[in-house]
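Reading the structure
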Amino acid sequence: MKLPPRHDLAFLPTPLHPLDRLAEALALPHAPRLWIKRDDQTGLAAGGNKARKLEFLVADALAAGADALVTAGGRQSNHARQTAAAGRASGFEVHLVLNEGGEDPEYRWSGNVLLDRLLGAHIHPNAGTGFDADDAMADVAAELRRAGRRPYVIPPGGSSPVGAVGYVDAARELLAAAPTFGCVVHASGSGGTQAGLLAGFAQAEAAPPVLGISVARSSEELAARVLALAGETVALIGGATPVVPADVVVDDGYVGPGYGVPTDAMVEAVGLVARTEGVLLDPVYTGKAMAGLVDLLRAGRFDGMGDLVFLHTGGLPGLFAYRTTFE
Ligand SMILES: *Cc1c(COP(=O)(O)O)cnc(C)c1O
C-alpha cells in the first residue's frame, strides 16, 4: 500500500476523547463506552472531514500544474468552504458552483456562504438541480480554460478516489489509537469518507466495522456508491485486499424528509451533545448521524460490542444557517 502525494493542510492527528457525560445522560448500562474522533478540528476555516481529502486533492492539482480549483455543492456545503480555504492557502483561485438555496436570507448568505465569500471564492449558481452539478462545473472549467487558466475540477464532497485517500490515512490513525474500537459510526453523504475508511481498514489485519448513517440517499444507492469508490481507492493505493459488499454497512433511517431538512431527532441530538459535552454538532450531517447513534444505542444494537467511536466530521458553520431551527 502506497499513498499518493500529500500537501500538508490539516491539523493531524485529530483529538480522540470519551463522551462519558453523554453516556451518563443516556443511562444505558449495557451500551459500550463512547468516544469521539474530532475531525471537526482539522483546521481549514472551521474544520471538518474535507480537510483530509483536500490534502490529497490539492497535491494532485499542484502536480497537474493547475492554478484554479472548481467544485460544487449545496448552498451550505462544508466541502465548498473547506475547498475555498485549502485553495487560497495553496495559491489557487477558487470557483464554487452552489445551489441558490431558497428564500431564507440566513440560509443563503450566512454560515458557510459567509465564509466562502470572506475567503474570496467565486460563487457560480448551479444551473442543474441538487447534487448533480457536473455540467455546471464543466461550464465553469471551460470558461476558465478560454481565459487561459488551468482549472482542476473536484467532484462534490471531494469524493474522488484521490480524495478518499484522506480517509485511508484516517483509518490508519484510528487503528494506531487506544482503545481498539468495536465500531466506527459517522455521517455518510457523498461516500468518500466511508469508502476511504473501508479501503484503509481492509488492508489491516484486524479493523472495526464501519456504520455510515446516510444523510441523503437510500441505503441501496449509498452502499453502491461507497462500494464502487472503495474499490477505486484500493486500486489507487495498491491495496492487497478488496472491500467486499458485506463490509459496506449503511443506514438510511435518519435522513428524515431529505438532505439538509431538519428532523426533531437531529435537534434533540445536537442539543444533548452540546449540553452534556460542550461539543457542537451540525444540522445536516453530524446531528442526524448522532440521532441515529443514540436511537441505535437505545435499541440495544451495540450492546456487548467493544468501545464505539463517533467520527465527528465537522459542519459547525451550518448551525448559523439554521438559526431558527434551534430557537
Ligand atoms: C461532507 C460531510 C460529510 C459526509 O462525508 P462524505 O465523504 O461526503 O460521505 C459528513 N459530515 C460533514 C460535516 C460533511 O461536511
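The structure under discussion appears in the preceding block.
For clarity, every value in this text was computed on a predicted model and none was experimentally measured.

1. Some thoughts on the overall build of the chain
Within the chain, the regular secondary structure consists of 12 helices and 10 strands. Reported as C-alpha extents along the three principal axes, the dimensions of the chain are approximately 65 × 50 × 35 Å. For the chain, the residues scored as buried account for 56% of the 327 residues in total. For the chain, restricting intrachain contacts to residue pairs at least 6 apart in sequence, the fraction spanning at least 24 positions comes to 80%. As displayed, the chain has an accessible area near 13100 Å², and 54% of this comes from carbon and sulfur atoms. Charged side chains of the chain number 26 positive and 36 negative; the gap between the two group centres comes to 5 Å.

2. Observations concerning the site of the ligand
Close to the ligand lie 16 residues; Lys50, Lys53, Ser190, Thr193 and Thr313 are nearest. A distance of 2.6 Å separates an oxygen atom of the ligand from a polar atom in the side chain of Lys53. Of the pockets mapped on this structure, the ligand occupies the largest cavity.

3. Some thoughts on empty space enclosed by the protein
This structure, assessed with the given rule, holds two cavities of 30 Å³ or more. Lining the largest cavity are 29 residues, with Lys50, Gly157, Gly189, Ser190 and Tyr285 positioned closest to its centre. Only helix H2 (50–63), strand E3 (68–73), helix H3 (78–89), strand E7 (183–188) and helix H8 (192–202) provide two or more residues apiece to the lining of the largest cavity. Split by residue class, the lining of the largest cavity holds six nonpolar, 20 polar and three charged. Put simply, the second largest cavity is a space of about 30 Å³. Gln76, Asn78, Asp282, Val284, Tyr285, Gly315, Gly318 and Tyr322 together form the lining of the second largest cavity.

4. Considering the packing of aromatic side chains
Within the structure shown, the criterion is met by three aromatic pairs. Taken together, a centroid distance of 6.2 Å and an interplanar angle of 75 degrees make the contact between Trp35 and Phe181 edge-to-face. Placement of Trp35 in strand E2 (residues 34–38) and of Phe181 in the loop between helix H7 (161–176) and E7 is noted, with a sequence separation of 146 residues between them. Judged by its relative accessible area of 11%, Trp35 is buried. Each ring, one from Tyr259 and one from Tyr285, has its centre 5.9 Å from the other, and the planes form 70 degrees; the classification is edge-to-face. Note that Tyr259 is positioned in the loop between strand E9 (249–251) and helix H10 (264–277) and Tyr285 in the loop between H10 and helix H11 (286–298), a separation of 26 residues in sequence. Overall, Tyr259 belongs to the partly exposed group, its relative accessible area being 29%. Over the aromatic face of Tyr285 sits the side chain of Lys50, whose NZ or CZ is 5.6 Å from the ring centroid. Sitting over the face of the ring of Phe302, Arg301 holds its NZ or CZ atom 5.5 Å from the ring centroid.

5. So, the sheet that holds strand E1 (residues 16–18)
In spatial order, the strands read E1-E2-E10-E7-E8-E9; together these six strands make up an open sheet with mixed pairing. Of all the strands in the sheet, just E1 and E9 have a single pairing partner and so form its edges. Strand after strand, the sheet turns through a mean of 25 degrees between neighbouring axes, direction not considered. Note: E7 against strand E10 (residues 308–312), three bridges, orientation parallel. Pairing of Val184 across the sheet is with Val309, part of E10.

6. A few points about the nonpolar core
Counting residues in each nonpolar core, the largest one holds 46 residues, and the members touching the most others are Val184 and Leu197. Looking at this core, the elements with two or more residues in it are H2, H3, H7, H8, helix H9 (219–237) and E10. Not counting the four nearest positions on each side in its chain, Leu197 is found in contact with Tyr167, Val168, Ala170, Ala171, Leu174, Val184, His186, Val210 and Leu311. In terms of nonpolar packing, the next biggest core, distinct from the first, is built from 34 residues, Ala187, Ala269, Met290 and Phe310 among them.

7. Here we look at the packing of H7 against H9
Two numbers describe how H7 lies on H9: the axes approach to 9 Å, and their chain directions differ by 80 degrees. Judged by the angle between their axes, H7 and H9 are roughly perpendicular. Two secondary-structure elements touch here, H7 through Pro161, Val162, Ala164, Val165 and Val168 and H9 through Leu229, Glu232, Thr233, Leu236 and Ile237. Residues of the contact of H7 with H9, tallied by class, amount to eight nonpolar, one polar and one charged.

8. Here's the deal with the environment of Arg301
Summarising the element assignment, Arg301 is placed in the loop between H11 and E10. When its relative accessible area of 40% is taken as the criterion, Arg301 is described as partly exposed. Separated by 270 residues in the primary sequence, Arg301 and Ala31 place their C-alpha atoms 8.6 Å from one another. For Arg301, the residues in contact, after removing those within four places along its chain, are Leu211, Val249 and Leu296.

Criteria and cut-off values
- Residues numbered from 1 in each chain as written.
- Predicted model: local features only at pLDDT ≥ 70, side-chain atom pairs only at ≥ 80, totals over all residues.
- Heavy atoms only, no water.
- Helix = DSSP H or I, 4+ residues; strand = E, 2+ residues; numbered from the N terminus.
- Buried < 20%, exposed > 50% of the residue type's maximum accessible area, 1.4 Å probe, protein only.
- Contact = heavy atoms within 4.5 Å.
- Areas by Shrake-Rupley, 256 points an atom, 1.4 Å probe, with all protein chains shown as cover.
- Lys, Arg positive; Asp, Glu negative; His and termini not counted.
- Charge placed at Lys NZ, Arg CZ, Asp CG, Glu CD.
- Near = heavy atom within 4 Å.
- Polar contact = N/O pair within 3.5 Å; in protein donor to acceptor, adjacent residues only side chain to side chain.
- 1 Å grid on protein atoms, 1.4 Å probe; cavity = no way out; pocket = protein on both sides within 12 Å on 5 of 7 lines; lining within 4 Å.
- Sits in = over half its atoms within 2 Å of the grid points.
- Points joined across faces, edges and corners; volume = space filled by probe spheres on them.
- Nonpolar A, V, L, I, M, F, W, Y, C, P; charged D, E, K, R; others polar.
- Phe/Tyr/Trp six-rings, centres within 6.5 Å; stacked < 30°, edge-to-face > 60°.
- Lys NZ or Arg CZ within 6 Å of the ring centre and 35° of its normal.
- Pairing = 2+ DSSP bridges.
- Axes fitted to C-alpha atoms, helices over the stretch in contact; angles between N-to-C directions.
- Core = buried A, V, L, I, M, F, W, Y, C linked by side-chain atoms within 4.5 Å.
- Parallel < 35°, antiparallel > 145°, perpendicular 65-115°, else oblique.

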